[in-house]
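Letter by letter, the chains look like this.
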Amino acid sequence: MIIRVNRSLIKRRNFLQLSGVSGISFLLGGCGTPIFEDIVGKLSEPLNQNVEKLIFKSQKPVPEFSLSEIEPEALIINSFRNTPIIDLEKYRLIVNGEVNNPLSLSLTEIQALPSSSMIIRHVCVEGWAAIVQWGGVRLQEIIALAQPKDNVQYAYFKSADGYYESWDIASALHPQTLLAYQKNGDVLPKENGAPLRLASPIKLGYKQSKWVTQITLVSYLSLFKGYWEDQGYEWFAGL
Ligand SMILES: Nc1nc2c(c(=O)[nH]1)N[C@H]1C(S)=C(S)[C@@H](COP(=O)(O)O)O[C@H]1N2
Ligand SMILES: [Mo]
C-alpha cells in the first residue's frame with residue numbers, strides 16, 4: 001500500500017511526513033473515505049459495460065479554439081447567489097449514489113489525476129458567450145473511479161451555494177466535459193466556481209455547475225432536475 005501511494009503521487013519527502021500522525025488522518029480522511037491506495041487500485045478494475053461503451057465509443061469532440069481567440073473579459077460572472085466560502089483544506093468532492101466505489105476526494109487527490117485543457121465557447125441563455133480555456137480533470141475519469149453500476153443513467157451535481165443540476169450520463173462522460181480548476185491558464189477564480197466547476201462545450205452555461213461538492217450517479221431523475229430547469233428551462237440544454 002505504502003509503496004503504491006508513494007510511487008504514483010507523493011514524493012518521498014512528503015511521504016515520510018504522511019507516515020506521521022497527520023499522515024494517518026490524510027490517508028483515512030473522513031468516515032467512509034477510501035484510502036488513496038484503494039482509489040489508485042480501482043483504476044485497473046474493469047468498468048461496467050455501459051459506462052465503458054460511452055467512454056470509448058468516440059463521442060464526437062467539439063472543435064476547439066486557439067489561444068489567441070480566448071476572450072478573457074467576455075465571461076460574465078453569473079451566480080444566483082453570493083460566492084460561497086469554501087475551506088480548501090477541508091474541501092472534499094463526494095461521489096456517491098449507485099456506485100461500487102464511493103469517493104471522497106481532496107483537492108490534492110483530484111489534482112494528482114491526469115489533467116486536460118480545452119478552449120471552448122461558453123454560452124449563456126441570457127444572451128452572451130465567451131471563449132474560455134478550462135483546465136482540470138475529465139469528469140469521465142472521476143466517474144470511472146467510482147465504478148458506477150450498470151443501471152446508472154444520470155449524474156446529479158450539488159454545489160456549495162445551493163445550486164443543483166442533473167445531466168444525462170453520456171454528456172457527463174463526454175471527453176470534453178471537465179471538472180475544471182483552472183481558467184485561462186490560471187487558478188480558477190472563486191467567482192467562477194473554485195475549487196471545482198463543470199465546464200463543457202456540449203451544454204449551455206446553466207448546466208455548468210460552479211462550486212461542485214457532490215456528484216450522485218443514479219438510474220432515475222427525481223422531481224428536482226436543476227435550479228433553472230425547475231423554473232421552466234429546458235433540461236437537456238445541449239449546444
Ligand atoms: N453553483 C452555481 N453554478 C452556476 C450558476 C450559479 O448560479 N450557481 N450559474 C450558471 C450560469 S447561468 C452560468 S452562465 C455559468 C456562469 O459561469 P461564470 O460565472 O463562471 O461565468 O455558471 C453556471 N453555474
Ligand atoms: Mo447562464
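Student: Even after reading the chapter, I still don't get empty space enclosed by the protein, so can you show me in this structure?
Tutor: Empty space among the atoms can be located by rolling a probe the size of a water molecule over them. Taken as a whole, this structure holds two cavities of 30 Å³ or more when the rule is applied. Space inside the largest cavity adds up to approximately 330 Å³. Every residue lining the largest cavity is counted, 24 residues in all, and those nearest its centre are N78, Y163, G205, Y206 and K210. For the lining of the largest cavity, a count of residues per class yields 12 nonpolar, eight polar and four charged.

Student: Just to check I follow, could you spell out the packing of aromatic side chains for this structure?
Tutor: In total, this model carries nine aromatic pairs according to the counting rule given. A ring pair is formed by Y227 and W228, whose centres lie 5.0 Å apart and whose planes are at 85 degrees; its orientation type is edge-to-face. Taken together through their ring pairs, the aromatic side chains of F80, Y163, Y206, Y227, W228 and Y233 make up a single cluster.

Student: What is the right way to read unusual backbone geometry from this model?
Tutor: Look at the link from A194 to P195: it is a cis peptide, with omega at 10 degrees. Mapped onto the secondary structure, P195 falls in the loop between β8 (186-187) and β9 (197-199). Within the chain, Q147 stands out as a residue other than glycine whose phi angle is a positive 55 degrees. In this fold, Q147 is placed in the loop between α7 (139-146) and β5 (154-159). Within the chain, N184 stands out as a residue other than glycine whose phi angle is a positive 50 degrees. Along the chain, the position of N184 falls in the loop between β7 (178-183) and β8. A relative accessible area of 22% places N184 in the partly exposed class.

Student: Explain the site of ligand 1 here, please?
Tutor: In the neighbourhood of ligand 1, 20 residues make up the surrounding shell, with I76, F80, N192, R197 and K210 lying closest. Take N78: an N or O atom from its main chain is 2.9 Å from an oxygen atom of ligand 1. With respect to ligand 1, the side chain of R197 contributes an N or O atom lying 2.6 Å from an oxygen atom. Against a free-state accessible area of 540 Å², the protein chains account for coverage of 99% of ligand 1. Of all the cavities here, the one that holds ligand 1 is the largest cavity. Tallied by class, the residues present in the shell around ligand 1 amount to nine nonpolar, eight polar and three charged.

Each value, and the rule that gives it
- Residues numbered from 1 in each chain as written.
- Chains lettered and ligands numbered in written order.
- Predicted model: local features only at pLDDT ≥ 70, side-chain atom pairs only at ≥ 80, totals over all residues.
- Heavy atoms only, no water.
- 1 Å grid on protein atoms, 1.4 Å probe; cavity = no way out; pocket = protein on both sides within 12 Å on 5 of 7 lines; lining within 4 Å.
- Points joined across faces, edges and corners; volume = space filled by probe spheres on them.
- Nonpolar A, V, L, I, M, F, W, Y, C, P; charged D, E, K, R; others polar.
- Phe/Tyr/Trp six-rings, centres within 6.5 Å; stacked < 30°, edge-to-face > 60°.
- Helix = DSSP H or I, 4+ residues; strand = E, 2+ residues; numbered from the N terminus.
- Buried < 20%, exposed > 50% of the residue type's maximum accessible area, 1.4 Å probe, protein only.
- Near = heavy atom within 4 Å.
- Polar contact = N/O pair within 3.5 Å; in protein donor to acceptor, adjacent residues only side chain to side chain.
- Areas by Shrake-Rupley, 256 points an atom, 1.4 Å probe, with all protein chains shown as cover.
- Sits in = over half its atoms within 2 Å of the grid points.

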